[in-house]
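Spelled out from the first residue to the last, the chains are:
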Amino acid sequence: MLDFTALLKEMDEWRELSQGFSRGRTPQSLLAVLPAVFARTFVDCYARQLLCRSGTGEDGCDSCRAWTEDGHPDLVIAGTWGKAPGIEDCLPLSGQLSLHPVLAPYRLAVVSEADALSLPAANSLLKLTEEPPPAGRVLFLAEQDNLIPTIRSRVWTIRFRPDQSAAAPCAAPPFSADEWGRWFEGTRKKTVEEIALDAEGWIAWFAEEGRWEMAASLKNALFLAQKRHLPIAMVQDALFVLLREGIKGEQLFGDLREA
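All residue numbers here refer to positions counted from 1 along the written sequence of the relevant chain. In keeping with the predicted nature of the model, local features appear solely for residues at pLDDT of at least 70, side-chain atom pairs appear and are counted solely at 80 or more, and the whole-chain, interface and lining totals rest on all residues. Think of the side-chain values as coming from all heavy atoms in the structure, minus any hydrogens and water.

Caption draft 1: Highlighting the overall build of the chain. Comment: elements are numbered from the N terminus, with helices defined as DSSP H or I runs of at least four residues and strands as E runs of at least two. Within the chain, the secondary structure is distributed over 13 helices and five strands. Out of the 259 residues in the chain, the part that is buried amounts to 48%. The long-range share in the chain, meaning contacts at least 24 apart out of those at least 6 apart in sequence, stands at 78%. Note on areas: Shrake-Rupley with a 1.4 Å probe; residue coverage comes only from the protein chains shown. Accessible surface computed for the chain: about 13,000 Å², of which carbon and sulfur atoms make up 50%. Type-normalised accessible area, obtained with a 1.4 Å probe on protein chains alone, sets the label of each residue: buried when under 20%, exposed when over 50%, and partly exposed for intermediate values. Residue contacts are defined here by distance: any two heavy atoms, one from each residue, within 4.5 Å place the two residues in contact.

Caption draft 2: Focus on the pattern of salt bridges. Definition used for salt bridges: Asp or Glu carboxyl oxygen within 4 Å of a side-chain nitrogen of Lys or Arg. Going through the model one piece at a time under the given rule, you end up with ten salt bridges. A salt bridge links Arg-152 to Asp-145, with the shortest nitrogen-to-oxygen separation between them at 2.8 Å. For Asp-145, a relative accessible area of 28% corresponds to the partly exposed category. A salt bridge links Lys-219 to Glu-200, with the shortest nitrogen-to-oxygen separation between them at 2.7 Å. Of this pair, Lys-219 sits in helix H11 (residues 212–227) while Glu-200 sits in helix H10 (residues 192–208), and the two are 19 residues apart along the sequence. On the basis of relative accessible area, Lys-219 is assigned to the buried category, the value being 9%.

Caption draft 3: Structural view of H11. Across its 16 residues, H11 extends 22 Å between first and last C-alpha, which sits within 8% of the 22 Å expected from 1.5 Å per residue. Along H11, twelve of the 16 residues are buried, which leaves the element largely enclosed by surrounding structure. Among all positions in H11, only Trp-212, Met-214, Ala-215, Ala-216, Ser-217, Leu-218, Lys-219, Asn-220, Ala-221, Leu-222, Leu-224 and Ala-225 are buried. Positive phi shows up at His-229, right after H11, with a value of about 55°. A helix is expected to span 1.5 Å for every residue after the first.

Caption draft 4: The nonpolar core, seen in detail. By size, the foremost hydrophobic cluster in this structure holds 55 residues, and its most contacted members are Phe-42, Tyr-46, Leu-108, Leu-139, Leu-141, Phe-160 and Leu-239. Among the elements that line this core, the one with the most residues is H10, at nine residues. Setting aside chain neighbours within four positions, we find Leu-239 in contact with Trp-180, Trp-183, Ile-195, Trp-202, Leu-218, Ala-221, Leu-222 and Arg-244. We define a nonpolar core as any set of buried Ala, Val, Leu, Ile, Met, Phe, Trp, Tyr and Cys residues linked to one another through side-chain atoms lying within 4.5 Å. Grouped together as the second largest cluster of nonpolar side chains are 21 residues, Cys-90, Ala-109, Val-111 and Phe-140 included.

Caption draft 5: Structural view of the side chain of Asp-74. In this structure, Asp-74 sits in the loop between helix H3 (39–50) and strand E2 (75–77). Asp-74 gets classed as buried once you look at its relative accessible area, which sits at 0%. Side-chain atoms alone can form a polar contact between residues adjacent in sequence; in general such a contact is a pair of N or O atoms within 3.5 Å, and within protein one must be able to donate a hydrogen while the other accepts it. Within the local environment of Asp-74, its side chain forms a polar contact with the backbone nitrogen of Leu-103, the two atoms lying 2.9 Å apart. Beyond its immediate chain neighbours, meaning those up to four positions away, Asp-74 contacts Leu-51, Pro-101, Val-102, Leu-103, Ala-104, Tyr-106, Arg-107 and Leu-108.

Read these as spatial facts, not as claims about activity.
Next up, the structure:
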């Protein structure tokens, strides 16, 4: 699965939300309106901070150490991941969130595709969003901000606009052989950091085009290149095969991790 963490954590909306954790401010019911490709990354980042005792998600507490490939004992996914839960999935959530947390400060229920909830399923969550258990938290995920008004009025809503969070103006990447040739020549004497700064415009361009997977692949490749202190020639080749030759991101990342 492609990791969108680097893109997510550069968004102003995420920074604002994350700062709230450090001050002990956690919404009881949150609606995150964001592209579907970001959903799993957002849940992972949000849950790790919410369920951490210090609110950082990385303090090594017993709750942080409880994460496995299957999730966390205090994380509840309503129904099947990536699908709107039915009423039979929503009804048990109140009881599940009323249980004492196993290790974390809270128990968190995640409702995917909340904008596609049936009316009976949505109505079954009204009491939970109005009077959640003291240690219970609910996260709704949606691509469109169109929850039923009775739920919408009871949740804190945050909208992510990835295309507006880029650090550099949008700039289309090279496409033709001539453009790539000029780019190779122009970046031959640059540092990896300078190349990464230039490529931020490409990331913004892909985001504006709605090509989140490519934007994330490019962001992760640049991050790994800087972290591994790769030589300029290797960075140039990596970006070329990623953007020009269509190599899969996971293959490129595997090569870079071994470097």
